[in-house]
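# Analysis of the macromolecular model
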Amino acid sequence: MKKLMKLFIFTGLLASIVSITGCSYGQVVTVGKDYVVVLRQDGFLLGALRKAYVCKATSNGLSNCKDSENP
């Protein structure tokens, strides 16, 4: 029973660490007719790895994306 409880605690801690340090793609802003800016957020070091991607919006999705650090 103790091993099972330790396993549950370890799994919970691992899941919380992964969710905190993971990244997500958030706000999307249109710039002109053809381009959009997509911001990538992260929880690692209070957002130290944030990036902004400028992409061309086409009928097939986003293409020709260029990134910039610390928007």
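This paragraph deals with the environment of Gln 41. One can find Gln 41 in strand β2 (residues 35-42). On the basis of relative accessible area, Gln 41 is assigned to the partly exposed category, the value being 24%. Sequence separation of Gln 41 and Gly 26 is 15 residues, and the distance between their C-alpha atoms is 6.6 Å.

What follows is about unusual backbone geometry. Backbone geometry at Asn 64 places phi at a positive 55°, although glycine is not the residue there. Note on placement: Asn 64 falls in strand β4 (residues 61-69).

All right, on to a nonpolar patch on the surface then. Among the surface-exposed residues, Met 1, Leu 4, Met 5, Leu 7, Phe 8, Ile 9 and Leu 13 lie close enough to one another that they form a single nonpolar patch of about 790 Å² accessible area. Along the polypeptide, Phe 8 turns up in helix α1 (residues 2-21). Residue classification places Phe 8 among the exposed residues on the basis of a relative accessible area of 55%.

So, about the pairing of β2. Of the two faces of β2, the one holding Val 36, Val 38, Arg 40 and Asp 42 is buried and the one holding Tyr 35, Val 37, Leu 39 and Gln 41 is not buried anywhere. When β2 meets strand β3 (residues 51-58), the two strands line up antiparallel, connected through six bridges. Counterpart to Val 36 in the pairing with β3 is Cys 55.

As a further point, take the environment of Val 37. Tracing the backbone shows Val 37 in strand β2. Sequence-wise, Val 37 and Cys 65 are 28 residues apart; in three dimensions their C-alpha atoms are separated by 9.2 Å. Ignoring anything within four residues of it in the chain, the contact list for Val 37 reads Gln 27, Val 28, Val 29, Val 31, Ala 52, Tyr 53 and Val 54.

Rules used in this analysis
- Residues numbered from 1 in each chain as written.
- Predicted model: local features only at pLDDT ≥ 70, side-chain atom pairs only at ≥ 80, totals over all residues.
- Heavy atoms only, no water.
- Helix = DSSP H or I, 4+ residues; strand = E, 2+ residues; numbered from the N terminus.
- Buried < 20%, exposed > 50% of the residue type's maximum accessible area, 1.4 Å probe, protein only.
- Patch = residues over 30% accessible without salt bridge, like charges linked within 9 Å, V, L, I, M, F, W, Y side chains within 5 Å.
- Areas by Shrake-Rupley, 256 points an atom, 1.4 Å probe, with all protein chains shown as cover.
- Salt bridge = Lys/Arg side-chain N within 4 Å of Asp/Glu carboxyl O.
- Pairing = 2+ DSSP bridges.
- Contact = heavy atoms within 4.5 Å.

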